[in-house]
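Report on the structure
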Amino acid sequence: MKETFQVSGMSCQHCVDKIEKFIGEIEGVQLVDVDLSKKIVNVEFEAPATQKSISDAILDAGYEVD
Ligand SMILES: [Cu+2]
């Protein structure tokens with residue numbers, strides 16, 4: 001599956017690295033691509049990862065999913 005998340009609060013490469021790390025740790029996530037200028041995060045994943053587990057990871061990292 002492919003999902004795009006609108007994420008607010010990302011401002012620099014540190015934020016990108018943190019989000020990539022938090023989402024990347026979810027079992028089933030295959031690809032994380034953060035576009036800092038557009039404030040979007042594209043994720044490719046399969047079970048057991050879900051849209052909710054990914055948005056929860058973004059919240060855990062300290063950012064907001066719009
Ligand atoms: Cu930052």
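Structural notes, computed from the coordinates. (Residues numbered from 1 in each chain as written. Predicted model: local features only at pLDDT ≥ 70, side-chain atom pairs only at ≥ 80, totals over all residues.)

A short note on the sheet that holds strand S1 (residues 2-8)
What holds strands together in a sheet is hydrogen bonding between their backbones, with the strands either parallel or antiparallel. Strand order in this open sheet of 4 strands is S2-S3-S1-S4, and the pairing throughout is antiparallel. Here the strands that pair on one side only, and so sit at the sheet edges, are strand S2 (29-35) and strand S4 (64-65). Bridge count for S2 against strand S3 (residues 40-45) is 6 bridges, and the pairing is antiparallel. Within S3, the residue paired with valine 32 across the bridge is valine 43. Docked against the sheet, helix H1 (residues 13-24) engages S2 and S3, running at close to 160° with respect to S2. Its contacts with the sheet put helix H2 (residues 51-61) on S1, S3 and S4, and the angle it makes with S1 is roughly 25°. (Pairing = 2+ DSSP bridges. Helix = DSSP H or I, 4+ residues; strand = E, 2+ residues; numbered from the N terminus. Contact = placed C-beta atoms within 7 Å. Axes fitted to C-alpha atoms, helices over the stretch in contact; angles between N-to-C directions.)

Thoughts on H2
Taken together, the buried positions of H2 are occupied by Ile54, Ala57 and Ile58. Projected onto a plane normal to the axis of H2, the buried residues spread over an arc of 100° and lie on a single side. In this structure, H2 carries Lys52 and Asp60 as exposed residues pointing more than 90 degrees from its buried face. Elements that come into contact with the buried residues of H2 comprise S1, H1, S3 and S4. The first or second residue beyond H2 is glycine 62, which carries a positive phi of 105°. (Buried ≥ 20, exposed ≤ 12 C-beta atoms within 10 Å, placed from the backbone. Arc of directions from axis to C-beta.)

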